[in-house]
Amino acid sequence: GGPKYRAHATPYPPHWTEEVDAASGALYFYHELRDEASWQHPLVDTFKEVLDLIASLVAEHATLGNLAQRIEQELADVQRRAAEELAEWIGP
């Protein structure tokens, strides 16, 4: 096989892998535990949230330092909310 191309340098969430459709050669994403496939990157919603935040901060003419600080705070808030949601989760 040739070199493996990745859709993004960021690691995928647990149990997600990048695959290539044998018929079309198109890239898709597969979740092993759920036996679920998707054409969308598993972090697409997260990436969209970050881009929306940046767009709103740019519209406010935030300084670069303030921009970086607010992005870091938003990411910390998202991580906290995810941890809270997972606290009551009972897995397979």
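Sequence order as written defines residue numbering, which begins from 1 separately in each chain. Totals for whole chains, interfaces and linings use every residue, but because this is a predicted model, local features are given only for residues with pLDDT of at least 70 and side-chain atom pairs only at 80 or more, for both listing and counting. Each side-chain value is worked out from all heavy atoms of the structure, with water and hydrogens disregarded.

Caption draft 1: Representation of the packing of aromatic side chains. When the centres of two rings from Phe, Tyr and Trp lie within 6.5 Å, Trp using its six-membered ring, the rings pair. Their planes under 30 degrees apart give stacked, over 60 give edge-to-face, and anything left gives tilted. In total, this model carries two aromatic pairs according to the counting rule given. Here tyrosine 28 and tryptophan 39 contribute two aromatic rings whose centre-to-centre distance is 6.0 Å and whose plane-to-plane angle is 70°, an arrangement assigned as edge-to-face. With tyrosine 28 in strand β2 (residues 27–31) and tryptophan 39 in the loop between β3 (36–38) and α1 (44–59), this pair connects stretches of sequence that are eleven residues apart. Working definition: with a 1.4 Å probe on protein chains only, accessible area under 20% of the residue-type maximum means buried, over 50% means exposed, and in between means partly exposed. The exposed category is assigned to tryptophan 39, whose relative accessible area is 59%. The helix and strand labels rest on DSSP assignments: H or I over at least four residues marks a helix, E over at least two residues marks a strand, and numbering proceeds from the N terminus.

Caption draft 2: Spotlight on the layout of surface pockets. There is about 670 Å³ of room inside the largest pocket. What lines the largest pocket is a set of 17 residues, among which Pro13, Pro14, Trp16, Arg34 and Leu86 lie closest to the centre. Considering each element in turn, the lining of the largest pocket owes the most residues, five residues, to helix α2 (residues 64–87). Of the pockets and cavities examined, the second largest pocket occupies roughly 180 Å³. What lines the second largest pocket is simply Thr46, Glu49, Val50, Leu53, Ile71, Glu74, Leu75, Val78 and Gln79. Secondary structure elements with two or more residues in the lining of the second largest pocket: α1 and α2. If you tally residues by element for the lining of the second largest pocket, the top one is α2, at five residues. Throughout, the protein atoms alone are placed on a 1 Å grid, and a set of points is a cavity if a 1.4 Å probe fits but cannot get out or a pocket if it is open with protein on both sides within 12 Å along at least five of seven lines; lining residues have an atom within 4 Å of a point. Grid points are joined across faces, edges and corners, and a volume is the space filled by probe spheres set on the points.

Caption draft 3: Focus on the sheet that holds strand β1 (residues 16–20). The three strands lie next to each other as β1-β2-β3, forming an open sheet whose pairing is antiparallel. Each edge of the open sheet carries a strand with a single partner, namely β1 and β3. The average angle at which neighbouring strand axes cross in this sheet is 30°, direction not considered. In this scheme, strands are said to pair when DSSP sees at least two bridges between them. Of the strand pairs in this sheet, β1 and β2 are connected by five bridges, and their pairing is antiparallel. Axes here refer to lines fitted to C-alpha atoms; in helices the fit is confined to the stretch in contact. Angles between the N-to-C directions go from 0 to 180 degrees.

What is shown is where atoms sit, not what they do.
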